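An overview of the molecular structure
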Amino acid sequence: MRSRTHTLAALLMALPLTIAAQLNGVYTVNPAGGGNYTTISAAVNALNTVGVSGPVTIRIVPGTYPESFTLNQINGTSATRWVWFESSTLDSTAVTIGPGADSTTIKLLDCDYVGFRYLRVKAPDRGFEGNSYPTNIEIHHCVVFGYGPLEQDDAIVFWQGRYLNIHHNRLDNVDQGVGVGGDGIKTYINDNVINAKCIGMNVTGSSDVEVRRNTITLTGECYSSVPEENAIRLLSCDRPIAVTANRTRVMFGGKSLHMNNCIGTNADRIKVANNMFVHDPLPNIVVWATTCAKFDYCKWVDVYHNSALNQNAVLGTALDLLNDTNIRIKGNALRALSSAPMKTQGTPMNSDYNLFFSPTGLAVDQGWFGTTTLAQWQALGYDLNSLFIDPLYVSSTDLHLQAFSPALNKVPLTFGIVQDIDGDTRPLPFNQIADMGCDERVFTPPAPPRALEQWTDQEVATGDFKVYPNPVSERLTIATAEARTEGFRLLDMHGRVVRQGILALPGTLDLSDMPVGTFLLWLANEAQPVRVVVQR
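Because the structure is a prediction, the values reported are computed rather than measured. (Residues numbered from 1 in each chain as written. Predicted model: local features only at pLDDT ≥ 70, side-chain atom pairs only at ≥ 80, totals over all residues. Heavy atoms only, no water.)

Digging into the packing of aromatic side chains
Scanning all chains against the criterion turns up 11 aromatic pairs. Centroid distance Trp377 to Tyr382: 4.3 Å. Interplanar angle 15 degrees. Geometry classified as stacked. Its relative accessible area of 24% is what places Tyr382 among the partly exposed residues. Feature note: the residues Phe69, Phe85, Phe116 and Phe128 constitute an aromatic cluster, connected by ring pairs. Over the ring of Trp84 we find Arg117, and its NZ or CZ is 4.1 Å from the ring centre. (Phe/Tyr/Trp six-rings, centres within 6.5 Å; stacked < 30°, edge-to-face > 60°. Buried < 20%, exposed > 50% of the residue type's maximum accessible area, 1.4 Å probe, protein only. Lys NZ or Arg CZ within 6 Å of the ring centre and 35° of its normal.)

Shown next, in the form of structure tokens:
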């Protein structure tokens, strides 16, 4: 029988070999040989088995790897000992992983300090899946796309997870872009491009949430019989929470933003600012209500400087508030086609300096208390400095402001939003009041005015415009190749604005009350003004 001394000696001799076998440094995966591993799974098996003694990078040479694998808790990882998986060329299209034997390509179970960058991952059911509280996980500059026979495919899902940083990825042809389950801490989802069928991102039960600068398009091809799209959905999340500078386009019902039971505090308010929410017209067969942004039972929320356009022909609002507490609605531009732009039920609010517009003439739907015009709403003490007028967005999918939008220079400096959706300084020009909506329009000085000349039909047809008669005594006709609504300014020769407004073009401008003289007519979408002479 072996003595205890011999057994202990054998263990001590084996210990240095175990430590030496732990991974530390850069390792290469190359199916052709010449590297450390021929498959990604072999590298994963080594990490799961022996752990690490320092920072590790697994570099994968370009190619297709029809694999799926699971990372368990890796011995030795820490804030200074990350494990990274990356393309050897740092090209997110060079390495394709999956599908493998498992319906999830990459599983993360209770592992810490693991990252993935510059990889292309197929998602037959899920591209990435985290469970048992993986912590300090970073995924960036990856492409994840739906693949395979299952109807429901998700790009990145963490049933539990903490300290998650998901940024600068492209997630394509999936049912859900990013999903994060309960009890999370520090969930950061920033700067991603997501093209999904039903849900852009869904975060439940997390505290410290950032959703910034994402571009999300939802096509509406949901697996459920009644599509309920949500570009951004936050459920039962806790402060701090920031949803800023996102761009969404929802093509088949649902919501761009849905926040339910999200809680801030007076000292740490939830921030929803500088977002652009676009909802396409729904097919005629679809009759359910849609809204660009919906808040249910939320507390201590600031909704500042967002732009929304709901083009649903039936029951489509831009902003919907239900039983919220301590919510502030300021500096927003809200346009709806078929309903009042804002709906509120049981929500006392601090609301002002907003722009509302709907062809219905209605501004606010108060649920059981009926629908009101802006004047009626103001009589109740709300939105005393707000406007009811078309904001003049650039287009039905681009909610930047035209040059002469009535939303320009309407919001005081007191709201603390110092940039717009593009990162431009707010307000512009400096030390003046800001624009309504997500866009702070950069002022472009007018070019020298056009000389008086005859405009030809060919020039009109190529996108120019002509004015006549010039000189004019009463009504000036403005001819354009296509019908459009456009802002205008009439300036005197000192550059002072003497009249501004909105024109339905082609159309006429009444100058009968203008004094004799020379003026500059500047249309919002024209690079330079035209000189107009008033004579009698």
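Some details on the side chain of Asp296
With respect to the secondary-structure elements, Asp296 resides in strand 26 (residues 290–296). Judged by its relative accessible area of 6%, Asp296 falls in the buried class. Residues contacting Asp296, with those up to four places away along its chain left out, are His258, Met259, Asn260, Asn261, Leu322 and Asp324. (Helix = DSSP H or I, 4+ residues; strand = E, 2+ residues; numbered from the N terminus. Contact = heavy atoms within 4.5 Å.)

Considering the sheet that holds strand 39 (residues 475–480)
Strand order in the open sheet made by the three strands is 38-39-42, with antiparallel pairing throughout. Unpaired on one side and paired on the other, strand 38 (465–468) and strand 42 (507–510) mark the two borders of the sheet. Within this sheet the neighbouring strands show an average axis-to-axis angle of 25 degrees, counted without direction. Of the pairings in the sheet, the one linking strand 38 to strand 39 comprises four bridges and is antiparallel in character. Bridging from a neighbouring strand, Lys466 pairs with Ala479 of strand 39. (Pairing = 2+ DSSP bridges. Axes fitted to C-alpha atoms, helices over the stretch in contact; angles between N-to-C directions.)

Considering unusual backbone geometry
In this chain, Arg239 is followed by Pro240 through a cis amide linkage whose omega measures -10 degrees. With respect to the helices, strands and loops of the structure, Pro240 is situated in strand 21 (residues 238–244). At the junction of Arg426 and Pro427, the peptide bond is cis and its omega measures out at 0 degrees in the coordinates. Within the fold, Pro427 resides in the loop between strand 37 (387–388) and helix 4 (457–461). In this structure, Ala245 is a non-glycine residue whose phi angle is positive, near 55 degrees. Take Ala245: its relative accessible area is 12%, and that puts it in the buried class. Positive phi values are uncommon outside glycine, yet Trp300 reaches one of about 60 degrees. For Trp300, the position within the fold is in strand 27 (residues 299–304). With a relative accessible area of 23%, Trp300 lands in the partly exposed category.

Some remarks on helix 2 (residues 40–50)
Those residues of helix 2 lying buried are Ile40, Ala43, Val44, Ala46 and Leu47. Across the axial projection of helix 2, the buried residues extend over an arc of 155 degrees, all falling on one side. Count one or two residues on from helix 2 and you reach Gly51, which has phi positive near 80 degrees. (Arc of directions from axis to C-beta.)

Considerations on empty space enclosed by the protein
Applying the stated criterion to the full structure yields one cavity of 30 Å³ or more. In this structure, the largest cavity encloses a volume near 70 Å³. Around the largest cavity sit 13 residues that line it, and Phe277, Ala293, Val303, Asn306 and Leu319 are the ones nearest its centre. Secondary structure elements with two or more residues in the lining of the largest cavity: strand 26, strand 28 (307–310) and strand 29 (316–322). Here the residues of the lining of the largest cavity sort into 10 nonpolar, three polar and no charged. (1 Å grid on protein atoms, 1.4 Å probe; cavity = no way out; pocket = protein on both sides within 12 Å on 5 of 7 lines; lining within 4 Å. Points joined across faces, edges and corners; volume = space filled by probe spheres on them. Nonpolar A, V, L, I, M, F, W, Y, C, P; charged D, E, K, R; others polar.)

Some thoughts on the sheet that holds strand 43 (residues 517–523)
In a beta sheet, neighbouring strands pair by backbone hydrogen bonds and run either parallel or antiparallel. One open sheet accounts for four strands, arranged 41-40-43-44; its pairing is antiparallel. Of all strands in the sheet, those with a lone pairing partner are strand 41 (497–505) and strand 44 (530–534), marking the two edges. Across the sheet, the axes of successive neighbouring strands diverge by a mean angle of 30 degrees, strand direction being ignored. Pairing geometry for strand 43 and strand 44, over five bridges, is antiparallel. Note that in strand 44 the partner of Leu521 across the bridge is Val530.

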